[in-house]
Amino acid sequence: MKSYFRPEIDAMAGYVPGEQPKMADLVKLNTNENPFAPSPEVEKALKNFDCGKLRRYPDPMADSFRDAVASFWGVERGNVIAGNGSDDLLTMIFRAFTSPELPVAVLDPSYSLYPELAAMQNAPVIRIKLAEKNFALPENLLAQAQEANLLMIVRPNAPTGTLFPKETVRHICQKFDGIVVIDEAYADFASDNCIDLAKEMDNVIVIRTFSKSYAMAGIRLGYGLACKEIISGLMKLKDSYNIDMLAQLAGEASFRDHAYFEARRKEVIQMRRELADELKKRGFYVPESESNFLFVSPPDGNGKGLFEELRKRAVIVRYFSAPVTAPYLRITIGNPEENARLLKAIDEIYA
Ligand SMILES: Cc1ncc(COP(=O)(O)O)c(C=O)c1O
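Since we're looking at a predicted model, the values are computed, not measured.

> Would you explain the site of the ligand in this entry?
As a matter of local geometry, the ligand sits amid 13 residues, with Gly-85, Ser-86, Asp-87, Thr-209 and Ser-211 nearest to it. Here the residues of the shell around the ligand sort into five nonpolar, six polar and two charged.

Okay, structure coming up:
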């Protein structure tokens, strides 16, 4: 059939999200979800929700949710935009700041959705390679990114889990002539974050998600923090009612229960340390992770082989086939039972 798509859409492969397999008794460690349930406050809020309200549209600006975020971070409502997951915010950001004349600079390896979003805009992508082994930022990053209008930094980075030094990121934001997005999907599992950079600098957007540390990947909610001019510009690009009523309610409820959030967050960090130690004992190379996953290379460096063997044992992790990531697997921190089953499977495979 003749294609009526724009040529750049025809040329796209399209982003492939991590599998959501239906196998029974599965250990699912492939999409960095939280091993715990969301706060009981979320369940309470949803159970008490009057479904009659669903005949109305939700608040298009998600003001009550944005107020909760703003007061938590000590900013104003006008500094916050809500997204249907942070992917929704990324879509707005790429629409706003990239075009055939306005390239984007992305790190390599990093979140593989970014080049797909650039392809939709027919925008050139400048790939900036991280150092091998420790995945550090290159010293000449600013020179490499010079032509870009948008620079994407994931901190802690995915899939590597590593945390770029904050002072380096601050310096990059100060010197880069364009918008810097700091994607903090995993920052709640890290030792610091860059929210203050979004408060201090007009060219910085920090984006956050409820999918990881708040255990609500299924609800689709995220937010961005930036100066008011950037937020009001992005508002022009959002779907009119991009956050449904239930997501707004659930987001606020989970945000209120900070004690629960803090306790679960610490547990995940503790389990990450334990799992990293166990894998190191088995000869794996485990770069220091500050996220809710580990990026690990087995002793034989055969990421694909281990991925397939684990899969045979109903343990699903994530494998990225690009040459730089092929020796590794990305493994989400599961609950204690899941982590134990992962280790048992590894012991069987290398017995
Ligand atoms: C770095 C990064 N940014 C954004 C997202 C998207 O998160 P959300 O579920 O909020 O769309 C992910 C999801 O895995 C991610 O790894």
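> What's the story with the environment of Arg-265 in this structure? I'm lost.
Tracing the backbone through its elements, the reader meets Arg-265 in helix H11 (residues 258–281). A C-alpha to C-alpha distance of 20 Å links Arg-265 and Val-206, two positions 59 residues apart in sequence. The residues touching Arg-265, leaving out its near neighbours within four places in the chain, are Asp-188, Phe-189 and Ser-213.

> Mind showing me how you'd approach the nonpolar core here?
A general tendency of soluble globular proteins is for nonpolar side chains to be buried together. If you look at the biggest cluster of nonpolar residues, it comprises 97 residues, and the most contacted ones within it are Val-104, Leu-151, Ile-153, Val-180, Val-181, Val-204 and Ile-205. Examining the composition of this core, we find that six residues originate from one element, helix H4 (residues 86–97), more than from any other. For this core, the two domains that each supply at least three residues are domain 1 (7–37 + 259–349) and domain 2 (42–256). Apart from residues lying up to four places away in sequence, Val-181 is in contact with Ile-93, Leu-150, Met-152, Ile-153, Ile-205 and Ile-207.

> Sorry, what's going on with the sheet that holds strand E7 (residues 204–209) here?
Taken together, the seven strands give an open sheet; going across it, the order is E2-E8-E7-E6-E5-E3-E4, and neighbouring strands pair in mixed fashion. A strand with exactly one partner marks an edge of an open sheet, and here the two such strands are strand E2 (80–83) and strand E4 (125–129). Pairs of neighbouring strands in the sheet enclose a mean axial angle of 25 degrees, with direction left out of account. Direction of pairing for strand E3 (residues 104–108) relative to E4: parallel, over a ladder of five bridges.

Criteria and cut-off values
Residues numbered from 1 in each chain as written. Predicted model: local features only at pLDDT ≥ 70, side-chain atom pairs only at ≥ 80, totals over all residues. Near = placed C-beta within 6 Å. Nonpolar A, V, L, I, M, F, W, Y, C, P; charged D, E, K, R; others polar. Helix = DSSP H or I, 4+ residues; strand = E, 2+ residues; numbered from the N terminus. Contact = placed C-beta atoms within 7 Å. Core = buried A, V, L, I, M, F, W, Y, C linked by C-beta atoms within 7 Å. Buried ≥ 20, exposed ≤ 12 C-beta atoms within 10 Å, placed from the backbone. Domains from an automatic or database assignment. Pairing = 2+ DSSP bridges. Axes fitted to C-alpha atoms, helices over the stretch in contact; angles between N-to-C directions.

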